[in-house]
Amino acid sequence: MSNGKPSEEHHPMEALLRMDRIPHIWCSTCGLGTSVSAFALALEDLQYDLDKICIVSGIGCTGRVAGYVKLDSFHATHGRAIPFATGLKLANPQLKVVVFSGDGDLIAIGGNHFIHAARRNMDLTVICVNNFIYAMTGGQVAPTSPLGASCSTTPYGNYERPFNIPHLAESCGAVYVARWTALHLRRTAKSIAEAMRKPGFSVVEIICPCSTLYARRNRLGDGLELMKFYHENSIIKHGADPRDVDIDFQSPIVVGKFVDRDRPTFIDGYNRAMTAKLGEKFEPYGVAPAEVHDG
Amino acid sequence: MKFWRTPLDSDRVKVPHGRIHIIVERCKGCAYCVEFCPRDVLEMSTEYNQKGYHPPYVKVEDDCVNCRLCELLCPEFAIFCTLKEEEEVGNKEEVGHVESRS
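Residues numbered from 1 in each chain as written. Chains lettered and ligands numbered in written order. Predicted model: local features only at pLDDT ≥ 70, side-chain atom pairs only at ≥ 80, totals over all residues. Heavy atoms only, no water.

Focus: the overall build of chain A
Then, in step 1: The helix and strand tally for chain A stands at eleven helices and ten strands.
Then, in step 2: Taking 295 residues into account, the globule formula puts the C-alpha radius of gyration at 19 Å, and chain A, at 19 Å, falls close to it.
Then, in step 3: By principal-axis analysis of the C-alpha atoms, chain A measures approximately 65 × 50 × 35 Å.
Then, in step 4: Across the 295 residues in chain A, those meeting the buried criterion constitute 55%.
Then, in step 5: When the accessible surface of chain A is summed, it comes to about 12900 Å², and 52% of that surface belongs to carbon and sulfur atoms.
Then, in step 6: Considering chain A, the positive charge centre built from 30 side chains and the negative charge centre built from 30 side chains are found 4 Å apart. (Helix = DSSP H or I, 4+ residues; strand = E, 2+ residues; numbered from the N terminus. Rg over C-alpha atoms; globule rule 2.2 N^0.38 Å. Buried < 20%, exposed > 50% of the residue type's maximum accessible area, 1.4 Å probe, protein only. Areas by Shrake-Rupley, 256 points an atom, 1.4 Å probe, with all protein chains shown as cover. Lys, Arg positive; Asp, Glu negative; His and termini not counted. Charge placed at Lys NZ, Arg CZ, Asp CG, Glu CD.)

Points about the sheet that holds strand 1 (residues 53-57) of chain A
Residue and element names in this part refer to chain A.
Then, in step 1: If you trace the eight strands from one edge of the open sheet to the other, you get 2-1-3-4-8-7-10-9, paired in mixed fashion. Only two strands of the sheet have a single neighbouring strand rather than two, namely strand 2 (72-75) and strand 9 (234-236). Adjacent strand axes in the sheet meet at a mean angle of 20°, parallel and antiparallel pairs treated alike.
Then, in step 2: In the sheet, strand 9 pairs with strand 10 (residues 253-260) via three bridges, with the strands oriented parallel. Residue I235 lies in a different strand from strand 10, and its bridge partner there is V254. (Pairing = 2+ DSSP bridges. Axes fitted to C-alpha atoms, helices over the stretch in contact; angles between N-to-C directions.)

Regarding the interface of chain A and chain B
Then, in step 1: Facing 39 residues of chain A, the contacting portion of chain B comprises 27 residues.
Then, in step 2: Of all residues in chain A, H11(A), R186(A) and L224(A) bury the most surface against chain B, accounting for 21% of the area lost on that side.
Then, in step 3: Between the two partners, chain A and chain B, sit three salt bridges.
Then, in step 4: With its nearest N and O atoms 2.8 Å apart, the salt bridge here joins E14(A) to R26(B).
Then, in step 5: Along the contact surface separating chain A from chain B lie eleven residue pairs in polar contact (both at pLDDT 80 or more).
Then, in step 6: Listed by contribution, the elements that provide at least two residues to the side of chain A that touches chain B are helix 1 (32-46), helix 7 (185-197) and helix 9 (223-233) of chain A.
Then, in step 7: Residue contributions to the side of chain A that touches chain B peak at six residues, all from helix 1 of chain A.
Then, in step 8: Taken together, the residues of the side of chain A that touches chain B break down into 20 nonpolar, twelve polar and seven charged. (Contact = heavy atoms within 4.5 Å. Buried area = accessible area lost by both parts, 1.4 Å probe. Salt bridge = Lys/Arg side-chain N within 4 Å of Asp/Glu carboxyl O. Polar contact = N/O pair within 3.5 Å; in protein donor to acceptor, adjacent residues only side chain to side chain. Nonpolar A, V, L, I, M, F, W, Y, C, P; charged D, E, K, R; others polar.)

Focus: helix 7 of chain A
Then, in step 1: When the terminal C-alpha atoms of helix 7 of chain A are compared, their 18 Å separation across 13 residues agrees well with the 18 Å that a helix rising 1.5 Å per residue should span.
Then, in step 2: Every buried residue belonging to helix 7 of chain A is among L185(A), T188(A), A189(A), S191(A), I192(A), A193(A), A195(A) and M196(A), and all of these are buried. (Expected span 1.5 Å × (residues − 1).)

A short note on the packing of aromatic side chains
Then, in step 1: Overall, the coordinates contain eight aromatic pairs over all chains when judged by the stated rule.
Then, in step 2: Considering the side-chain rings of F132(A) and Y214(A), the 5.4 Å spacing of their centres and the 45° angle between planes classify their relative orientation as tilted. You can see F132(A) sitting in the loop between strand 4 (125-130) and strand 5 (133-134) and its partner Y214(A) sitting in helix 8 (residues 211-217), a full 82 residues away along the chain. For the pair formed by F132(A) and Y214(A), the shared burial category is buried.
Then, in step 3: Ring geometry for Y214(A) against F249(A): centres 6.4 Å apart, planes inclined by 70°, an arrangement best described as edge-to-face. Note that Y214(A) is positioned in helix 8 and F249(A) in the loop between strand 9 and strand 10, a separation of 35 residues in sequence.
Then, in step 4: Residue Y214(A) is classed as buried on the basis of its relative accessible area of 2%.
Then, in step 5: Grouping aromatic residues by their ring pairs yields a cluster made of F132(A), Y214(A) and F249(A).
Then, in step 6: Here the guanidinium or amino end of R5(B) rests over the ring plane of W4(B), the centre of that ring lying 5.2 Å away. (Phe/Tyr/Trp six-rings, centres within 6.5 Å; stacked < 30°, edge-to-face > 60°. Lys NZ or Arg CZ within 6 Å of the ring centre and 35° of its normal.)

In structure tokens, the structure reads:
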């Protein structure tokens, strides 16, 4: 992205995108392209070797991200982005593994994997784009749909209590939890960079406008109207208790960095437990060679 | 730029200027860039692109300060900014000075 100066014809983001697949399939006024830009901005800031970053997506509108970003990427089956990423991280602990997927994929179908990866504190960065609905399959109710929201399977309004993703992640053991909207670009990018620097299971939730299904079904205008809504109704509250950041239908959205704490990661825990039991016989796993010599 | 008083560092701080590039055929007319540009540099055009959307056009490029918000906000990767070099801006006296534009 930062390679060279942009010329007249070439967008600076093109270095990070598979241009043969652009234009992407996302609707006009969808916020997903913006979320990808925030991710690109975070990578620009981190200056990591791009060969060491992997991106894993599941199924859904957001699941397409893995296909559009020019990094080593994998498009997993529905809900199985985190298990795939876990395997990838354990097989090659030197990689930075990012899971970029939607709320339906990560919290609904992959919900079990999400809570267990958080419990184990797998060293993953999860970017969860929350658009409150199953967008790709036709607007069915999702476990993140706010109470009262109209979806194609709840035409009289949703009556199920939705998940509060930051609270779910925090209570399961995530070490870094932040929430932003697609409009808070630079803050999202900063959070993604912080999350990627942090060892352990970090979650960045991005509230994203879905124009074709969520906004249209609920008569909220289009994505632009939702972006304006975020602009006027976002409350930045760093360190807020994740229990208090529920999202109701068209209620003010509390955003910010909620959790930033330290816990040993899965690999740390494994190395510590095995070293305690086996002593010298055990060779710590996933430690960079230089660190082994130092230690 | 309009200030209510002369900033104390106005002789040291140079306001950067940007040049906006719009890839018209990639635009899906979401108007994010037009709505959220902090300097109101852009406006939706009445013309259509190949896809049938109205792309934005640059209304007053001189006001662009190269903040890159449009570039980052654009979901289609269809607009970007480049920093205008010093020579291009010209050594006009009013550039970067206070009360030049009201």
